[in-house]
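The lines below spell out each chain.
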Amino acid sequence: VQLMESGGGPVQAGGSLRLSCAVSGSISSINTMGWYRQAPGAQRELVATISSGGNTNTIDSVKGRFIISRDNTENTAYLQMNTLKPEDTAVYYCYVNVNIGIFHYDYWGQGTQVTVSS
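Residues numbered from 1 in each chain as written. Predicted model: local features only at pLDDT ≥ 70, side-chain atom pairs only at ≥ 80, totals over all residues. Heavy atoms only, no water.

S.K.: Looking at this model, I keep getting lost on the pattern of salt bridges. Mind explaining?
M.R.: A pair can form between side chains of opposite charge whenever their charged atoms are brought close. Overall, the coordinates contain three salt bridges when judged by the stated rule. A salt bridge links Arg37 to Glu45, with the nearest nitrogen and oxygen atoms 2.7 Å apart. On the accessibility criterion, Arg37 (5% relative accessible area) is buried. The shortest N-O distance in the salt bridge between Asp88 and Arg37 comes to 3.0 Å. Here the residue Asp88 occupies a position in the loop between strand 8 (76-81) and strand 9 (90-100), and Arg37 occupies one in strand 4 (residues 29-38), the gap between them amounting to 51 residues. Across the pair, Arg37 and Asp88 agree in class, each one buried. One connected set of salt bridges, linked through shared partners, spans Arg37, Glu45, Arg65 and Asp88. (Salt bridge = Lys/Arg side-chain N within 4 Å of Asp/Glu carboxyl O. Buried < 20%, exposed > 50% of the residue type's maximum accessible area, 1.4 Å probe, protein only. Helix = DSSP H or I, 4+ residues; strand = E, 2+ residues; numbered from the N terminus.)

S.K.: Whenever I open this one, the environment of Ala42 confuses me. Can you help?
M.R.: With respect to the helices, strands and loops of the structure, Ala42 is situated in the loop between strand 4 and strand 5 (45-50). Measuring from C-alpha to C-alpha, the distance between Ala42 and Ala90 comes to 9.4 Å, with 48 residues separating the pair along the chain.

S.K.: It is not clear to me how the state of the cysteines should be interpreted in this structure. Could you clarify?
M.R.: Two cysteines whose sulfur atoms are joined by a covalent bond form what is called a disulfide. A full pass over the atoms with the stated rule returns one disulfide. Put simply, Cys21 and Cys94 are joined by a disulfide, and their sulfur atoms are 2.0 Å apart. Between Cys21 and Cys94 the sulfur-sulfur dihedral comes to about -80 degrees; the bridge is accordingly left-handed. Placement of Cys21 in strand 3 (residues 17-24) and of Cys94 in strand 9 is noted, with a sequence separation of 73 residues between them. The exposure classification of Cys21 matches that of Cys94, with both residues buried. (Disulfide = S-S within 2.5 Å.)

Such coordinate-based values are descriptive only and should not be taken to indicate function.
Here you go:
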């Protein structure tokens, strides 16, 4: 199973970025998809998740600014990030929980850097 992330980069405060995470490999189905982030010197924190049914959760600090979505036909998750702030600067990691046969597994992407300048 491979997760291919894209969409990170530098942006000025107030700008927008859209992260993508494409899942490939021999999987039966994808359960939860999500995004975590890790800022320098900080622990990795959950940003947003979306269930297979489309139910979403986001942390308070990004509510109203970040939107998580998924395309089940493309096995891809997205994180639309609007009104970015310098404190959003971090490496963003895609996360998926997938079914392979009767088992389920967690996988992580390699991370994509988001840098917001003031």
